[in-house]
Amino acid sequence: MSPSILLVDDEPFQLKLLARQLVNLGQNSVETCTSGQEALGMLDAQPTTRWLIFLDLNMPDMDGVKFIRQLVARSYRGALVLFSGEDERILEMAVRLGQAHQLMMLGHLHKPIQPEVLQILLGRWSEQMSEMVQEIPRTYGAAAVQRAIANGELVNYYQPKVEVATGAFVGVETLVRWQHPDDGLVFPDRFISVAETHGLIDALTRVVLIEALAQARCWRDAGLALRVAVNVSMDNLLQLDFADFVLDQLVDAGIAAQDLILEVTESRLMTDLRIPLDVLTRLRLKHISLSIDDFGTGHSSLAQLRDIAFSELKIDRGFVHNANQDNTKHAIFSASLGIARQLEMKAVAEGVEDRADWEFLRQQDCDLAQGYFVAKAMPAAELPCWLLEWTGRYAALR
Ligand code: G
Ligand code: G
Ligand code: MN
C-alpha cells in the first residue's frame, strides 16, 4: 500500500513541470499520464496503491469531470487535487462535485502552479493519510441512543458568543455530547440524525433544554448574565405541546423568556408548516428569541426568513472563515448581514477561526462572533477559566 503520486494532464510540458516541482519538494514516486484512459489503466494495474492524483480538468478525450465519474465507479479511496487554467469558481465547483461523491479532495491549483501552494496540499495529504489509519467514525443505533438519553449520558457543552465591537461575553450555544461509557466523548453528528429519524429527538431536546436552563440559573446566581441558546430541529416543532413545555421549564428554572434563544435548523424540506408555525408563533408571542441557524445552507432560506419572525441570524461558517480572501464568500456574508440589518435581527458569524476572520467581522460591523478563534465548546465548569484567558487575549487584540 505504498503511497504514490499520479499526474494526469494532456500537455506534456505541464506534466514535466509539475513532476519536477514535486520532486523538488521531496516526492520521489511520481508517475505521469497524458490522458484519462491511460491513468485509469495505471490505477487498475495497481489496485492496492494509495494514490494522490493531480488531475487537469481540461483534457480533450476524457475531461476531468468524466474522469471523476470513473474514479467513483471504481470506489477510488485515494486523494485528489484538481488543477486548470480555468476561472477559480469553476475549479471550486469541480471540487464540490468530488466532495459530493465523498472523494478525498485536498483542494485545487490554478495554473501556473505555485510551489508554496503545492507544499500546503502535500501537508494536507500526509495529515489525511495519518487520520485514515485511525478508526472510521460510525453512527449509533436507535436503541443505543435511546439508552443514552434514559441513562443520563448526554452532557451539555457550551460555546461562547462574544460581541465583536467590545469583546463582551454575552451568551452561549448549547451543544450536546454523549459521554459514552466505552467510546468516550461522542459528537452529535454521530447521533442527532439517528434521534431525528427514530422519533427520539423530542426526548433528547427536552433533556438538553432542562439542563441548559438549570445551568443558566447557576450563571445568573453567580452574576453572569448570559443568554443561552439551544438547538431545536424542525421535528421538535411538530409537537403542539412543545411551546408549553418550553414555557413551563422557563418558569421552573426562573429564567426570563428573553434570555432563551432557540436555534432552528431545517435539515429536510418541510411542506406542511401548520404545526411548526403554530408552535413558533406561540414561542415568539411569549418573547422567546428564535434564531435561524446555518443561514444560507440547506433549507435555512430566504423563504423561512419571510415566514418566521426570527430575532437572530447565524451566518453559516461556510461564508465566514476566509471570507476576507474569497470574493464569493465575502459577497454572501455582506448580503446576509444586510438582510439582518434591514429586518432588525442580530447577526452572528459562526466558524470564526482565526485573527483574519475576526478582523473581517470588525470591519463588516457584525454583531456577534462564535468559533474556534474565540473558544471551542466546553463543559460549563471550564467557562470561568476561558473567560479570564479571553479577556486578556481580547485586550491584546485591540
Ligand atoms: O459542535 P458540534 O459538533 O457539537 O455540533 C454539531 C451539530 O449538531 C450542529 O449542527 C448542532 O446544530 C447540532 N446539535 C448540537 N446539539 C444539538 C441539540 O441539542 N439538538 C439538535 N437538534 N442539534 C444539536
Ligand atoms: O449548530 P451549528 O450547526 O452552528 O453547530 C456548530 C458546529 O460547528 C459544531 O459542530 C461546532 O463544534 C462547530 N464549530 C464551532 N466553531 C467552529 C469553528 O470555528 N470552525 C469549525 N470548522 N467548526 C466550528
Ligand atoms: Mn446551532
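Residues numbered from 1 in each chain as written. Chains lettered and ligands numbered in written order. Predicted model: local features only at pLDDT ≥ 70, side-chain atom pairs only at ≥ 80, totals over all residues. Heavy atoms only, no water.

Notes on the side chain of glutamate 312
Working step 1: Within the element layout of this structure, glutamate 312 appears in strand E12 (residues 312-315).
Working step 2: A distance of 3.2 Å separates a polar atom in the side chain of glutamate 312 from a polar atom in the side chain of lysine 161.
Working step 3: Within the structure, glutamate 312 has its side chain in polar contact with the side chain of serine 291 (distance 2.9 Å).
Working step 4: Those residues within four positions of glutamate 312 in sequence are excluded, and the remaining contacts are Lys161, Ile261, Glu263, Leu290, Ser291, Ile292, Met345, Lys346, Val348 and Leu368. (Helix = DSSP H or I, 4+ residues; strand = E, 2+ residues; numbered from the N terminus. Polar contact = N/O pair within 3.5 Å; in protein donor to acceptor, adjacent residues only side chain to side chain. Contact = heavy atoms within 4.5 Å.)

Concerning the pairing of strand E7 (residues 169-180)
Working step 1: The buried fraction of E7 amounts to 10 of the 12 residues, a majority that puts the element mostly inside the structure.
Working step 2: The sheet contact formed by strand E6 (residues 154-163) and E7 spans nine bridges and is antiparallel. Residue tyrosine 157 lies in a different strand from E7, and its bridge partner there is leucine 175.
Working step 3: Hairpin connection between E6 and E7: a loop of five residues separates the two successive antiparallel strands, and glycine 167 in this loop has a positive phi of roughly 80°.
Working step 4: When E7 meets strand E9 (residues 227-233), the two strands line up parallel, connected through four bridges. Across the sheet, the residue bridging to glycine 171 is arginine 227, located in E9.
Working step 5: Across three bridges, the pairing between E7 and strand E8 (residues 184-186) is antiparallel. Opposite histidine 180, over in E8, you have glycine 184 as the bridge partner.
Working step 6: Hairpin connection of E7 to E8: three residues between the antiparallel strands. (Buried < 20%, exposed > 50% of the residue type's maximum accessible area, 1.4 Å probe, protein only. Pairing = 2+ DSSP bridges.)

Some words on the nonpolar core
Working step 1: Ranked by size, the top nonpolar core spans 82 residues in total, and within it Leu262 and Trp358 carry the most contacts.
Working step 2: The leading source of residues in this core is helix H8 (residues 201-221), at eight residues.
Working step 3: Beyond its immediate stretch of four places on either side in the chain, leucine 262 contacts Leu209, Val230, Val232, Phe242, Leu283, Ile288, Ser289, Leu290 and Ser291.
Working step 4: Ala39, Leu40, Leu43 and Leu57 belong to the second-largest nonpolar core, a separate cluster that totals 24 residues. (Core = buried A, V, L, I, M, F, W, Y, C linked by side-chain atoms within 4.5 Å.)

A look at the coordination of the manganese ion (ligand 3)
Working step 1: The protein atoms donating to the manganese ion (ligand 3) are Glu173 (OE), Asn231 (OD1), Glu263 (OE) and Asp293 (OD), with metal-donor distances spanning 2.2 to 2.4 Å.
Working step 2: Between consecutive donors of the manganese ion (ligand 3), the numbers of intervening residues give the motif E-x57-N-x31-E-x29-D. Placement of the pair is asparagine 231 in strand E9 and glutamate 263 in strand E10 (residues 260-265), with a sequence separation of 32 residues.
Working step 3: Assessed through its relative accessible area of 25%, asparagine 231 is described here as partly exposed.
Working step 4: Judged by relative accessible area, glutamate 263 falls into the buried class, the value being 0%. (Donors = N, O, S within 2.8 Å, 3.2 Å for Na, K, Ca; no water.)

Quick look at the site of ligand 2
Working step 1: Every residue lining ligand 2 is accounted for by Gln159, Glu173, Asn231, Asp293, Asp294, Arg317, Glu350, Gly351, Val352, Glu353, Gly371 and Tyr372.
Working step 2: In the environment of ligand 2, an oxygen atom lies 3.0 Å from a nitrogen or oxygen atom belonging to the side chain of glutamate 173.
Working step 3: At 3.1 Å, a side-chain N or O of aspartate 294 approaches an oxygen atom of ligand 2.
Working step 4: Compared with its free state, where it exposes 520 Å², ligand 2 has 76% of that area covered by protein.
Working step 5: Of the residues that constitute the shell around ligand 2, the class distribution is two nonpolar, four polar and six charged. (Near = heavy atom within 4 Å. Areas by Shrake-Rupley, 256 points an atom, 1.4 Å probe, with all protein chains shown as cover. Nonpolar A, V, L, I, M, F, W, Y, C, P; charged D, E, K, R; others polar.)

Points about the packing of helix H2 (residues 36-45) against helix H3 (residues 64-73)
Working step 1: Two numbers describe how H2 lies on H3: the axes approach to 10 Å, and their chain directions differ by 20°. As judged from the angle between their axes, H2 and H3 are roughly parallel. The way H2 lies across H3 gives a crossing that is right-handed. Across the interface between the two elements, Gly36, Ala39, Leu40 and Leu43 from H2 touch Phe67, Gln70 and Leu71 from H3. (Axes fitted to C-alpha atoms, helices over the stretch in contact; angles between N-to-C directions. Parallel < 35°, antiparallel > 145°, perpendicular 65-115°, else oblique. Left-handed = near helix turned anticlockwise from the far one by under 90°.)

Brief notes about helix H14 (residues 383-397)
For the α-helix, the turn length of 3.6 residues means that residues three or four positions removed from each other point alike.
Working step 1: Between its first and last C-alpha atoms H14 spans 20 Å; for 15 residues at 1.5 Å apiece the expected length is 21 Å, and the two agree.
Working step 2: Of the positions making up H14, those classed as buried are Leu383, Trp386, Trp390, Tyr394 and Leu397. Down the axis of H14, the buried side of the element spans an arc of 65°, and every buried residue falls inside it. Away from its buried face, by an angle of more than 90 degrees, H14 presents the exposed residues Pro384, Cys385, Leu388, Ala395 and Ala396.
Working step 3: The inward-facing, buried residues of H14 contact E6, E7, H8 and helix H13 (355-364). (Expected span 1.5 Å × (residues − 1). Arc of directions from axis to C-beta.)

Examining the domain arrangement of the protein chain
Working step 1: You can read the domains of the protein chain as domain 1 (4-131) and domain 2 (143-397).
Working step 2: One C-alpha centre belongs to domain 1, the other to domain 2, and the line joining them spans 38 Å. (Domains from an automatic or database assignment.)

Focus on the site of ligand 1
Working step 1: Surveying the vicinity of ligand 1 reveals the residues Leu175, Val176, Arg177, Phe187, Pro188, Ile192, Ile201, Val208, Asn231 and Ser233.
Working step 2: Within the side chain of asparagine 231, a nitrogen or oxygen atom sits 3.4 Å from an oxygen atom of ligand 1.
Working step 3: Calculation on ligand 1 without its partners gives an accessible area of 500 Å², and the protein chains cover 75% of this total.
Working step 4: Those elements giving two or more residues to the shell around ligand 1 turn out to be E7, H8 and E9.

Describing the environment of methionine 42
Working step 1: With respect to the helices, strands and loops of the structure, methionine 42 is situated in helix H2.
Working step 2: C-alpha of methionine 42 to C-alpha of tryptophan 390: the two residues are 348 residues apart in sequence and 53 Å apart in space.

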